[in-house]
Amino acid sequence: MDQVNILIIEDDAKIASLLKTHIQKYGYAAYAVEDFGRVMEEFREVQPQLVLIDVNLPMFDGFYWCRQIRALSTCPILFISARESEMDQVMALENGADDYITKPFHYEVVVAKIRSHLRRAYGSYSAKSEERTVEASGLVLYPERFMLTYGGQSVELTQKESVLVEALIKKADRVVSRGRLLDLMWEDRHFIDDNTLNVYITRIRKKLKELGFEDPVETVRGAGYMLRLEGTE
Amino acid sequence: MTMRLFIREQLPLILFYAGQMLLVGLWYWLAVENHAWMVVIYGALLSLVMLALYLAYRYYTHRKLYERLEAPLQTMDQSLTRLGEAPMAEAVSEALRNQFQLYKNELYGTQQRLENHTAFINRWIHQMKTPVSVIQLTLQDLDLEDEITDGLQEEIDRLKKGLEMALYTARLDKFEQDFKVEGMPLLETVEKAVAENRQWFIRKGVYPAIEIPPGLSVISDAKWLAFVLGQVIVNAVNYSQGEGKKVTFRAYRMGPHAVLEINDEGIGIVKEDLGRVFDPYFTGNQGRQYHESTGMGLFLVREVCRKLDHKVEIESEPGKGTTVRFTFTTA
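Each value, and the rule that gives it
- Residues numbered from 1 in each chain as written.
- Chains lettered and ligands numbered in written order.
- Predicted model: local features only at pLDDT ≥ 70, side-chain atom pairs only at ≥ 80, totals over all residues.
- Heavy atoms only, no water.
- Helix = DSSP H or I, 4+ residues; strand = E, 2+ residues; numbered from the N terminus.
- Buried < 20%, exposed > 50% of the residue type's maximum accessible area, 1.4 Å probe, protein only.
- Contact = heavy atoms within 4.5 Å.
- Buried area = accessible area lost by both parts, 1.4 Å probe.
- Salt bridge = Lys/Arg side-chain N within 4 Å of Asp/Glu carboxyl O.
- 1 Å grid on protein atoms, 1.4 Å probe; cavity = no way out; pocket = protein on both sides within 12 Å on 5 of 7 lines; lining within 4 Å.
- Points joined across faces, edges and corners; volume = space filled by probe spheres on them.
- Nonpolar A, V, L, I, M, F, W, Y, C, P; charged D, E, K, R; others polar.
- Pairing = 2+ DSSP bridges.
- Right-handed = clockwise from strand over helix to strand, strands pointing away.
- pLDDT = per-residue confidence, 0-100.
- Arc of directions from axis to C-beta.
- Axes fitted to C-alpha atoms, helices over the stretch in contact; angles between N-to-C directions.
- Phe/Tyr/Trp six-rings, centres within 6.5 Å; stacked < 30°, edge-to-face > 60°.
- Lys NZ or Arg CZ within 6 Å of the ring centre and 35° of its normal.
- Core = buried A, V, L, I, M, F, W, Y, C linked by side-chain atoms within 4.5 Å.

### Description of the overall build of chain A
Within chain A, the secondary structure is distributed over eight helices and 12 strands. When the backbone C-alpha atoms are referred to their principal axes, chain A occupies close to 60 × 35 × 25 Å. When each of the 233 residues of chain A is scored for burial, the buried share is 47%. Long-range pairs, those at least 24 residues apart, make up 56% of the contacts in chain A between residues at least 6 apart in sequence.

### Some words on the interface of chain B and chain A
Taken residue by residue, the interface counts 30 residues in chain B and 34 residues in chain A. Around 3,100 Å² of area is buried between chain B and chain A when both sides are counted, 52% of it from carbon and sulfur atoms. On the surface where chain B and chain A come into contact, there are nine salt bridges. Between D146 of chain B and R180 of chain A there is a salt bridge; the shortest N-O distance is 3.5 Å.

### Section: empty space enclosed by the protein
Residues and elements named next belong to chain A. Scanning the model with the defined rule gives one cavity of 30 Å³ or more in all. In this structure, the largest cavity spans a volume of roughly 30 Å³. Around the largest cavity, the lining residues are I8, I9, E10, L19, L52, I53, D54 and I80. Broken down by secondary-structure element, the contributors of at least two residues to the lining of the largest cavity are β1 (5–9) and β3 (50–53). When its residues are assigned to classes, the lining of the largest cavity shows six nonpolar, no polar and two charged.

### Focus: the pairing of strand β4 (residues 77–81) of chain A
All names here are of chain A. Of all the five residues making up β4, five are buried; the element is thus mostly covered by neighbouring parts of the structure. The two faces of β4 match: I77, F79 and S81 on one face and L78 and I80 on the other face are all buried. Examined bridge by bridge, β3 and β4 share three bridges and lie parallel to one another. By the bridge assignment, I53 is partnered in β4 with F79. Read from β3 through helix α3 (residues 62–70) to β4, the crossover connection turns out right-handed. Looking at chain direction, β4 and strand β5 (residues 99–102) are connected through four bridges and run parallel. Bridge assignment links I80 to a residue of β5, and that residue is I101.

### A closer look at the confidence of the model for chain B
Taken over all residues, the pLDDT of chain B has a mean of 89, while the share at 70 or more is 97%. In the model output, the complex is listed with pTM 0.77 alongside ipTM 0.78.

### Section: α3 of chain A
All names here are of chain A. All of the buried residues in α3 are G62, F63, W65, C66 and I69. With its buried residues spanning 165° around the axis, α3 presents them on a single face. Looking at the packing, one finds that the buried side of α3 touches β1, α2 (39–46), β3, β4 and α4 (86–94).

### Some remarks on the sheet that holds strand β5 (residues 257–264) of chain B
Residues and elements named next belong to chain B. Taken together, five strands build an open sheet; the order of strands is β2-β4-β5-β7-β6 and the sheet is mixed. In the strand order of this sheet, the two ends are held by β2 (207–211) and β6 (311–317), each with one partner. The mean inter-strand angle of the sheet, taken between neighbouring strand axes irrespective of direction, is 15°. In the sheet, β5 pairs with strand β7 (residues 321–329) via eight bridges, with the strands oriented antiparallel. Within the sheet, the bridge partner assigned to L260 lies in β7 and is F326. Relative to the sheet, helix α10 (residues 297–308) contacts β6 and β7, its axis offset from that of β6 by approximately 145°.

### Some words on the confidence of the model for chain A
Taken residue by residue, chain A gives an average pLDDT of 87. The fraction at 70 or more is 94%. The least confident element of chain A is strand β6 (residues 134–136) of chain A, whose mean pLDDT is 87; the most confident is β3 of chain A, at 95.

### Here's the deal with the packing of aromatic side chains
For any two aromatic rings, the description comes down to two numbers: the centre-to-centre distance and the angle of the planes. Residues and elements named next belong to chain B. Tallying each qualifying case throughout the model produces 16 aromatic pairs over all chains. Here F6 and Y66 contribute two aromatic rings whose centre-to-centre distance is 5.4 Å and whose plane-to-plane angle is 85°, an arrangement assigned as edge-to-face. You can see F6 sitting in helix α1 (residues 3–31) and its partner Y66 sitting in helix α2 (residues 37–70), a full 60 residues away along the chain. With respect to burial, F6 and Y66 carry one shared label: buried. In textbook terms, an aromatic cluster arises when at least three aromatic residues are bridged by ring pairs, as seen for Y168, F175, F179, W224 and F227. The positively charged end of R171 is found above the aromatic ring belonging to Y168, 5.3 Å away from the centroid. Across the ring face of W200, the terminal group of R203 is positioned such that the distance to the ring centre comes to 6.0 Å.

### Topic: the layout of surface pockets
Taken as a whole, the second largest pocket spans an internal volume of roughly 950 Å³. N56, R83 and D88 of chain A together with N122 and H126 of chain B are the residues nearest the centre of the second largest pocket, which is lined by 33 residues in total. For the lining of the second largest pocket, the secondary-structure elements that each account for two or more residues are α4 of chain A together with α3 (87–142) and α4 (146–172) of chain B. Per element, the largest residue contribution to the lining of the second largest pocket is 10 residues, and it comes from α3 of chain B.

### Concerning the nonpolar core
Nonpolar side chains in soluble globular proteins tend to be buried together. Grouped together as the largest cluster of nonpolar side chains are 82 residues, with contacts concentrated most on L139 and L148 of chain A together with L260 and F326 of chain B. The dominant element in this core, judged by the number of residues it contributes, is helix α7 (residues 222–238) of chain B, at 10 residues.

### Here's the deal with unusual backbone geometry
In this structure, P104 of chain A follows K103 of chain A across a cis peptide bond, with omega equal to -10°. Tracing the backbone shows P104 of chain A in the loop between β5 and α5 (107–122). The phi angle at S137 of chain A is positive, at roughly 45°, despite the residue not being glycine. Tracing the chain through its elements places S137 of chain A in the loop between β6 and β7 (139–142). With a relative accessible area of 24%, S137 of chain A lands in the partly exposed category. The backbone of Y281 of chain B shows a phi angle near 65°, a positive value even though the residue is not glycine.

### A word on the pattern of salt bridges
In the structure shown here, the tally under the stated rule is 39 salt bridges over all chains. The salt bridge involving R205 of chain A is made with D215 of chain A; its shortest N-O contact spans 3.3 Å. With R205 of chain A in helix α8 (residues 194–210) and D215 of chain A in the loop between α8 and β11 (217–220), the pair connects residues that are 10 residues apart, well separated along the chain. Classification of R205 of chain A as partly exposed rests on a relative accessible area of 23%. The structure contains a network of salt bridges with shared partners spanning K171, R174 and R180 of chain A together with D143, E145, D146 and D150 of chain B.

Here is the structure:
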């Protein structure tokens, strides 16, 4: 599979276009349905490997289209809807959907679910199995392997450290707030307090030193941290 | 029993009748020279029998009307029962029936309006979620300075909380069709509710401390309980006094019940207000100083708990903190 097509069936034009641009950044080809009377025609034209669909749509609802698509294809169908009641989620799954995401949502969740469903449906070779990397000024993070490299050298990170480094690299040379970092680390049920965050930052500083940096993580008082890479390379 | 109203109603007639008998008796006594006692008494008795016959007939034909008038209506439908053939009884049944019909029409109209309103609110809330989603996504795309992003994210979270509260308030009317009671582990439920509201903790610099034994399960509805816990958590965090304070979640078994206490180290509630915090729209002194308060949060908490059969109590010491205590049935 050289290209993964994703069909977006969402009647709010803004959300559809935001989703489309974001998904395209990850190397998928995304198409948004424009004529809600011709959903099946567009489906046949695009031949998508995955469908994102809303529940509330003009003319027929998402459940209806989900059944229509199921008659043709077994591709993963993910619902994205503002309706969060269990009833709607059950309806979606019973009409043949594979997952349900409630609005308002974060891109990360949508992209993560897309990746996982593509992997499950088509195997790991699909979905452009090129590894995701985050990079700034020669410092490269491989978030799936928790690996950080710079100038031919590499260090291993823990999962939490990897999350922190990713946030810092993405905003290299700008302040990342403590709140943002705490939020990222609080994904599961265990929370992180200020002291624990300090411990993690200390470990990251040590590992960056191993890569040959002169302490690039700056503490910005009352705000957060900044990864200063300007002038390196 | 039903006689009393009848007698009161007929009392003037009985009095007039007695007066008339006295008058006729007196006239006979004065007008006739050989008057005899027997004749007077005989005449009076005859007249009394006629009166008694009339009263008996009158009572018999109107007894249902008197019954109806003396006993309060138990159900609306009773106003439709016939009250007898007598003209007065028929007129009264007709009047009651009319009133019932008018009342029913009006009630139906009001119900219809209420249902339209609820449907509108539901639709509106879901509609408002779309712009919130667009703002949320645009914010992620913009990649602004964290200071600005965090500030905007806080407002988005407030919008989301507000919409959530509106949605649950609207759903409360249809609660009976919208809940599923099951056993659930208390520790996981609380941890999930805390994680979902983590932004509020982080912004305030307040930390949760969870002391709940792992095996403790309670009977409740997952969605409504999460909503209730969310309301209490946001209150506890908002009223906490400054950074580094804790919100403690403690649970223990008590006979067939499980008790969950959520305790903050906040400004507390003054005694005068404590009895009214569960009233709708009550914000109290503190609430008005802290702009978050709508006065609906704790009211909804109590309503939902009442429907789920959980007990909820509140204790507070001004300046020290507040404890909200739930009592559940263990699973």
